[in-house]
Amino acid sequence: MTQPSMSDSHELAAPTDHPPDKKMAPAADEASDRVDQSHAVLIVEDDFLIAMQAEAALLDAGFRVTGIATTAEEALTMAREQMPALAIMDIRLAGRRDGVEAAGDLFRELGLRCVFATAHDDLLTRTRAEPFAPLGWLSKPYTMASLTSVVRASLARPD
């Protein structure tokens, strides 16, 4: 009597490794997409290090980051493609247009609201942003814990 070889035991295990029934997979995928979309966040920040820290903190907190935009134009393009639940918006961005203008585009075209995370948290900036119904403001430097807290609270708002 011969001992089963490693390839024989691998073949015995193979049936348990089959993917789930295809009829069930789309429903599961659709459900996970709905959950992901309700927790999807676009980061609009041109400082690489801040953007990377924010992305890591949001992912660790269970959110899905749909992308990182560095300009107003990139933000609108990414938001159209990914439809995040909200955007984290810096005021000073790369390019000609600032974060208030980007927030206006996102709000008017997609109904997407922003949490502003910026060092430019003055009355004039807040007044310019007010028509676009900001979800919150974080003044730089802010902690990643405060970022995730504001995002969590913003997504839990009924409006």
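How each quantity is defined
- Residues numbered from 1 in each chain as written.
- Predicted model: local features only at pLDDT ≥ 70, side-chain atom pairs only at ≥ 80, totals over all residues.
- Heavy atoms only, no water.
- Phe/Tyr/Trp six-rings, centres within 6.5 Å; stacked < 30°, edge-to-face > 60°.
- Helix = DSSP H or I, 4+ residues; strand = E, 2+ residues; numbered from the N terminus.
- Buried < 20%, exposed > 50% of the residue type's maximum accessible area, 1.4 Å probe, protein only.
- UniProt positions renumbered as here; feature names shortened; annotations may be inferred.
- Contact = heavy atoms within 4.5 Å.

- Per an unreviewed UniProt entry, the chain goes by Response regulator and derives from Bradyrhizobium arachidis.

Thoughts on the packing of aromatic side chains
Consideration 1: Taken as a whole and judged by the stated rule, the model has two aromatic pairs.
Consideration 2: Look at Phe 116 and Trp 137: their rings are 4.6 Å apart centre to centre, the planes differ by 20°, and that puts the pair in the stacked class. Taken together, the residues span a long stretch of sequence, with Phe 116 in strand E4 (residues 114–118) and Trp 137 in strand E5 (residues 136–139) at a distance of 21 residues.
Consideration 3: On the basis of relative accessible area, Trp 137 is assigned to the buried category, the value being 18%.

Some details on unusual backbone geometry
Consideration 1: The omega torsion across Lys 140 and Pro 141 is 0°, close enough to zero to call that bond cis.
Consideration 2: The residue Pro 141 is located in the loop between E5 and helix H7 (144–156) in this model.
Consideration 3: In this structure, Ala 133 takes a positive phi of about 50° despite not being glycine.
Consideration 4: Of note, Ala 133 is situated in the loop between helix H6 (123–129) and E5.
Consideration 5: Its relative accessible area of 23% is what places Ala 133 among the partly exposed residues.

Notes on the UniProt feature "modified residue: 4-aspartylphosphate" (unreviewed entry) in the chain
Consideration 1: According to UniProt, the positions carrying the feature "modified residue: 4-aspartylphosphate" (unreviewed entry) are Asp 90.
Consideration 2: Note on placement: Asp 90 falls in the loop between strand E3 (86–89) and helix H5 (99–110).
Consideration 3: Once residues within four sequence positions are removed from consideration, Asp 90 is found in contact with Val 44, Glu 45, Asp 46, Gly 99, Ala 117, Thr 118 and Lys 140.

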